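If you want the building blocks of each chain, they are given just below.
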Amino acid sequence: MKKQTAFQYYIEQHNIIANSTDNISLAEKFKLFDEILEKTKQMEKEQIIDAYNSGQQIPPFEYAEKYYNETYGGNK
């Protein structure tokens, strides 16, 4: 299976929910949109940390989380 970016995942899942013919209420759809948005944010964070770590030639991998938090605001 090909890896997806966080954005690609979000678009795919959004389209599945938006185009669903199941009997899902609008409130349930909004809840699902919120859930995929939160998962997308977590995926993006992991992808940024992985990219940072992949670019490191020296072993300070523990700084990836610190880099993410300083650059993108951490848990905001």
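Our structure's up above, just so we're on the same page.
In this convention, every chain numbers its residues from 1, walking through the sequence in written order. Thresholds applied to this predicted model are a pLDDT of at least 70 for local features of residues and 80 or more for the giving and counting of side-chain atom pairs; totals over whole chains, interfaces and linings are not thresholded and use all residues. Calculation of side-chain values draws on the structure's entire complement of heavy atoms; hydrogens and water are dropped beforehand.

Engineer: Please explain the overall build of the protein chain as it appears in this structure.
Structural biologist: Across its full length, the protein chain holds three helices and zero strands. The helix and strand labels rest on DSSP assignments: H or I over at least four residues marks a helix, E over at least two residues marks a strand, and numbering proceeds from the N terminus. When the helices and strands of the protein chain are placed in sequence order, the string is α-α-α. Contacts: residue pairs with any heavy atoms within 4.5 Å of one another. In the protein chain, the proportion of contacts linking residues at least 24 apart, taken out of those at least 6 apart, comes to 42%.

Engineer: Would you mind going over the packing of helix α2 (residues 26-55) against helix α3 (residues 63-72) with me for this structure?
Structural biologist: Helix-helix packing: each pair is described by the crossing angle between the helix axes and the interaxial distance. With their axes 9 Å apart at the nearest point, α2 and α3 run at an angle of 125° to one another. Considering their axes alone, α2 and α3 lie oblique with respect to each other. Note on packing geometry: the crossing formed by α2 with α3 is right-handed. Together, Lys45, Ile48, Ile49, Tyr52 and Asn53 of α2 and Tyr63, Ala64, Glu65, Tyr67, Tyr68, Asn69 and Tyr72 of α3 make up the contact between the two elements. Each residue is assigned to one of three groups, with Ala, Val, Leu, Ile, Met, Phe, Trp, Tyr, Cys and Pro labelled nonpolar, Asp, Glu, Lys and Arg labelled charged, and all others, Gly among them, labelled polar. Counted by class, the contact of α2 with α3 contains eight nonpolar, two polar and two charged residues. With axes taken as lines fitted to C-alpha atoms, and helix axes fitted only over the stretch in contact, angles between N-to-C directions fall between 0 and 180 degrees. What sets the label is the angle itself: under 35 degrees gives roughly parallel, over 145 gives roughly antiparallel, 65 to 115 gives roughly perpendicular, and the rest give oblique. By the definition used in this description, the sense in which the near helix is turned from the far one sets the handedness, with an anticlockwise turn below a right angle giving left-handed and a clockwise turn giving right-handed.

Engineer: Please clarify how the nonpolar core should be interpreted in this entry.
Structural biologist: Proteins that are soluble and globular tend to have nonpolar side chains buried together. Listed in full, the six residues of the largest apolar core are Ala6, Tyr9, Ile17, Phe33, Ile36 and Met43. For this core, the secondary structure elements donating two or more residues are α1 (6-18) and α2. For tyrosine 9, the contacting residues outside a window of four places in its chain are Gln4, Ile36, Lys39, Thr40 and Met43. Throughout, nonpolar core names a set of buried Ala, Val, Leu, Ile, Met, Phe, Trp, Tyr and Cys residues whose side chains join them through atoms within 4.5 Å. Between buried and exposed lies partly exposed: a residue is buried under 20% and exposed over 50% of the maximum accessible area for its type, with that area taken using a 1.4 Å probe on protein chains only.

Engineer: Before we go on, may I ask you to explain the pattern of salt bridges in this structure?
Structural biologist: Pairing is possible between side chains that carry opposite charge, provided their charged atoms lie close to one another. Take a side-chain nitrogen of Lys or Arg and a carboxyl oxygen of Asp or Glu: if they are within 4 Å of each other, that pair is a salt bridge. Within the structure shown, the criterion is met by two salt bridges. Here glutamate 35 makes a salt bridge to lysine 31, at a shortest N to O gap of 3.3 Å. With glutamate 35 and lysine 31 both in helix α2 and four residues apart, this pair spans about one turn of that helix. Given the relative accessible area of 41%, glutamate 35 is considered partly exposed. In this structure, the salt-bridge partner of glutamate 38 is lysine 41, at a minimum N-O distance of 3.4 Å. Note that glutamate 38 and lysine 41 are positioned in helix α2 at a spacing of three residues, about one turn of the helix. Judged by its relative accessible area of 48%, glutamate 38 falls in the partly exposed class. The exposure class assigned to lysine 41 is partly exposed, which follows from its relative accessible area of 42%.

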